Structures are given as C-alpha cells and as structure tokens.
Amino acid sequence: MKRDIQNIDDDIIRKKRIIEQTLYSDEDIVELLDNPDIDPSCPEELVYSSIYPFIRIPGTQDKSKNFITFSVSDMGRMPNNEVMKSQYVQFVVFVHKDLVKTKYGMARHDCLGYLIRDIFNLSNVLGPQMNLVSNVEAATDTDYITRTLKFELVDDNSTKPFRTNPREYDRILGGRR
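Residues numbered from 1 in each chain as written. Predicted model: local features only at pLDDT ≥ 70, side-chain atom pairs only at ≥ 80, totals over all residues. Heavy atoms only, no water.

S.K.: Run through the environment of Leu-33, naming residues and quoting values.
M.R.: Position of Leu-33 relative to the elements: it lies in helix H2 (residues 27-33). In the structure, Leu-33 is positioned 35 residues away from Ile-68 in sequence and 8.1 Å away in space, judged by C-alpha atoms. (Helix = DSSP H or I, 4+ residues; strand = E, 2+ residues; numbered from the N terminus.)

S.K.: I'd like a description of the environment of Asp-98, backed by residues and values.
M.R.: Mapping Asp-98 onto the fold places it in the loop between strand E3 (81-96) and helix H3 (108-120). Looking at Asp-98, the relative accessible area reads 56%, which means it is exposed. Spatially, the C-alpha atoms of Asp-98 and Lys-65 are 8.9 Å apart, while their sequence positions differ by 33 residues. (Buried < 20%, exposed > 50% of the residue type's maximum accessible area, 1.4 Å probe, protein only.)

S.K.: Account for the nonpolar core, naming residues and giving values.
M.R.: Counting 31 residues, the largest nonpolar core has Ile-19, Leu-23, Ile-68, Val-89, Phe-91 and Phe-120 as its most contacted members. Looking at which element gives the most residues to this core, the answer is H3, with 6 residues. Residues contacting Phe-91, with those up to four places away along its chain left out, are Ile-19, Leu-23, Ile-68, Thr-69, Phe-70, Ile-116, Phe-120, Arg-147, Thr-148, Leu-149 and Phe-151. Formed by 5 residues, the second largest nonpolar core is a distinct cluster that contains Tyr-52, Phe-67, Val-92 and Phe-94. (Core = buried A, V, L, I, M, F, W, Y, C linked by side-chain atoms within 4.5 Å. Contact = heavy atoms within 4.5 Å.)

Structure below.
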C-alpha cells in the first residue's frame, strides 16, 4: 500500500485498536473466553478468533466457543455544538449454551459483561469518559446467549477534512469531486 495504514488519522480505527488491546490484555477476560486454541502467552491471537472489532453473529461451528464483538459508531454532532460529537461503543458478548456455567457461580455472559463494564464504564481508556447507557441480555435463534452493553461518549468532532493522499486521488479522478 502507498499509505501508511498503521498511522492513519481515524478516531474509530484508533479506538478499536485500543479496545482490542484492552480486552486481550485483561487476564480475567482471556480466562472467561476459554479459547483452548490460543496460546496463553500470546493473548493477542484472540483477535479474530474470540474478539472481533465488529458485530459478528457466530455461525455453525464444530466446537463451542465464546465471543466478544464490538463496534464504534459516530452518531453525529451534538445538538447546538459543532465542536463535539456523540459516539457509541457497543459490545455484544456471545456465549455458547454449553459453556454458560462458570466456576464463579454466575453465567459466563453475565460475568464477561461485568468485566467489560468494570473496565470501560466511567473510564477514559478511549480519551473521553465512557458512560454505560444500556445493558441487555438476549438469546440468538441458534445456540448462543448474549449480553449487549452500549456506552456513550462525547468526543471532539474532527473539524478538519479527512483526506488521505489527496494528490493521488486528484490524479486518479482527474480533479473531479
């Protein structure tokens, strides 16, 4: 690639990377995800196997698994404020029905939900303070029980136009926009 993808200026991508690292760096979350295919000394391998930076509904699988999926969404400018914007971070925990029971006397999806809430609620891990606005249990029509946690944060709105490599695009588009 011509662009320096590792250093792009995009707050959603930056926040997703922080969330990934925060989740796989937490020993309790790694333990409760209970993924025997991951080497405990390399918890970053959980990303795209048990931790997904997008909302993903598990499909049919040979093995029972547990997942944490999440998304970061811009909700637009704050009313009467061009400088600030509202963002939501949503986590969806999927726990296979065969793995719900834990040795801690609580359901796995509730325990993972608690850990996510403990890490992120009222924290500044992404910069602005995150506030839990929703915490809902549900079930899929397959074999998974879910817990969905939604956090709101208010961040500064990028007032500068976002353009990566504008000269290259101008060359490709012949100056048309």
